[in-house]
Amino acid sequence: MQIKMLQTEEDWQAVYPLIQQLRPHLTEDRYFELLKQMPTYQGLVIMDGALKAFIGFEECHNFYNERHIFVHDFVTNENDRSKGYGEMLMEALITHAKEYQFACIALESGIQRYDAHRFYETKMGFNKWCYSFRRKVFS
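Here we summarise the structure given alongside this text. If you're wondering where the values come from, they're calculated on a predicted model, not measured in any experiment.

With respect to the layout of surface pockets
Within this model, the largest pocket holds a volume of roughly 2,100 Å³. Listing elements by their share of the lining of the largest pocket, those giving two or more residues are α1 (9-22), α2 (28-36), β3 (51-62), β4 (66-76), α3 (85-99), β5 (104-107) and α4 (114-123). Per-element accounting of the lining of the largest pocket gives the leading share, six residues, to β4. For the lining of the largest pocket, the residue count by class is 28 nonpolar, twelve polar and nine charged. As for the second largest pocket, its lining consists of 21 residues, of which T76, R81, S82, D115 and F119 are closest to the centre.

Right, dumping it as structure tokens:
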């Protein structure tokens, strides 16, 4: 088993099928178009013979979380869920955050994703502490 940071275009190409499981509306062309617009976006994967899970994040600063990691995307291959890969990958990110002294790891999760919420709260020690709102202004 290997956990590694994505570095090459080939690495990002290999992750697209997992991203599509999480974001089915995203075409491959749009994926790469958006990726180019996110210069601080980083990816961490877990491999166990094949790609098992992906976590996409940024190192951020703001007034309420100060220096922190924000997780934008987190997905385990649908055929490999409940096998511990997501937990191992999140633990690797937590270790990274501790090593580089980030104040916290923050993320958002869709209201309907009860299993994900249970995972974050009971297995990974995250606390639900706010609501996130958005208003579409252009479609």
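Comments concerning the packing of α1 against α2
For any two helices packed against each other, one specifies the inter-axial angle together with the distance between the axes. Contact geometry of α1 with α2 gives a least axis separation of 11 Å together with a crossing angle of 125°. In terms of orientation, α1 lies oblique with respect to α2. The element α1 and its partner α2 pack so that their crossing is right-handed. Residues E9, W12, Q13, V15, Y16 and I19 of α1 lie in contact with α2, whose contacting residues are E28, Y31, F32 and L35. Counted by class, the contact of α1 with α2 contains seven nonpolar, one polar and two charged residues.

Cut-off values and rules
- Residues numbered from 1 in each chain as written.
- Predicted model: local features only at pLDDT ≥ 70, side-chain atom pairs only at ≥ 80, totals over all residues.
- Heavy atoms only, no water.
- 1 Å grid on protein atoms, 1.4 Å probe; cavity = no way out; pocket = protein on both sides within 12 Å on 5 of 7 lines; lining within 4 Å.
- Points joined across faces, edges and corners; volume = space filled by probe spheres on them.
- Helix = DSSP H or I, 4+ residues; strand = E, 2+ residues; numbered from the N terminus.
- Nonpolar A, V, L, I, M, F, W, Y, C, P; charged D, E, K, R; others polar.
- Axes fitted to C-alpha atoms, helices over the stretch in contact; angles between N-to-C directions.
- Parallel < 35°, antiparallel > 145°, perpendicular 65-115°, else oblique.
- Left-handed = near helix turned anticlockwise from the far one by under 90°.
- Contact = heavy atoms within 4.5 Å.

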